[in-house]
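Examining the three-dimensional arrangement
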Amino acid sequence: MRLPGQLPGHRVISVVPGLGSFYISSAAQTTISGAGTAVKMAGTTTQISDRQFSHADNKLTYTGQRTSRFIITAVVSLDVASADDIISVQLFKNGSLITGAEQRSDNTAAKPTNIVVMIDTTLATSDYVEIYIENEDTTANIDVTQGYVMIQGIMGE
């Protein structure tokens, strides 16, 4: 089917910004392998929006055709039940920390901490974004109770 104004033999590339999001639908404990070492956040995630994004296992993969600029927002509630530790939430792109995409908080034992991370970055087709968390002080595991991640395209980029 041809769209209005589409020339025969030409494909249409959406100019609508991509939008991908998921939330943590099942809380889980993330095993910390070493103090100061970021690990991928555990928990079952459920996709909400999938415009130019696919979702699997705490990961959003950009499926759009144009390299574009996006705003990434993550809101996570977490806790270290056994200690007062500094914990952080980090956004990774293609397995590496996005520069500037890390926020820390001093967590009081058994009192959940909310951490928000926001950054803008460029994504090309097949680039993916994941949430990592870190206990900077000890190897105490981190309970992830709630969370939401959204990647939204920036118009005009």
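As a reminder, the structure under discussion sits directly above these lines.
This write-up is about the structure you can find in this document. None of the values given here were measured: they were computed from a predicted structure.

A look at the pairing of strand 11 (residues 128–135)
Here strand 11 lies mainly inside the structure; 7 of its 8 residues are buried. Strand direction decides the pairing type here: strand 3 (residues 39–40) and strand 11, joined by 2 bridges, are antiparallel. Looking at strand 11, one finds that V39 is bridged to I133. Bridge count for strand 8 (residues 85–93) against strand 11 is 7 bridges, and the pairing is antiparallel.

Looking at the side chain of D85
Relative to the elements of secondary structure, D85 occurs in strand 8. Comment: no salt bridge for buried D85; closest opposite-charge side chain is R104, at 13 Å. Here N135 takes part through its side chain, which lies 2.8 Å from a polar atom of the side chain of D85. What D85 contacts, discounting residues up to four positions off in sequence, is V80, S105, D106, N107, N135, D137, T138 and A140.

What to know about the packing of aromatic side chains
The geometry of an aromatic ring pair is captured by the separation of the ring centres together with the interplanar angle, meaning the angle of the planes. With the rule as written, the count across this model stands at 4 aromatic pairs. Centre to centre, the rings of F53 and Y62 are 5.4 Å apart; their planes meet at 50°, and the pair counts as tilted. Accessibility assignment for this pair places F53 and Y62 in one class, buried. Above the plane of the ring of Y128 lies K59, whose end atom (NZ or CZ) is 4.5 Å from the centre.

Rules of the game
- Residues numbered from 1 in each chain as written.
- Predicted model: local features only at pLDDT ≥ 70, side-chain atom pairs only at ≥ 80, totals over all residues.
- Heavy atoms only, no water.
- Buried < 20%, exposed > 50% of the residue type's maximum accessible area, 1.4 Å probe, protein only.
- Helix = DSSP H or I, 4+ residues; strand = E, 2+ residues; numbered from the N terminus.
- Pairing = 2+ DSSP bridges.
- Lys, Arg positive; Asp, Glu negative; His and termini not counted.
- Salt bridge = Lys/Arg side-chain N within 4 Å of Asp/Glu carboxyl O.
- Polar contact = N/O pair within 3.5 Å; in protein donor to acceptor, adjacent residues only side chain to side chain.
- Contact = heavy atoms within 4.5 Å.
- Phe/Tyr/Trp six-rings, centres within 6.5 Å; stacked < 30°, edge-to-face > 60°.
- Lys NZ or Arg CZ within 6 Å of the ring centre and 35° of its normal.

Read these as geometric descriptors, not functional statements.
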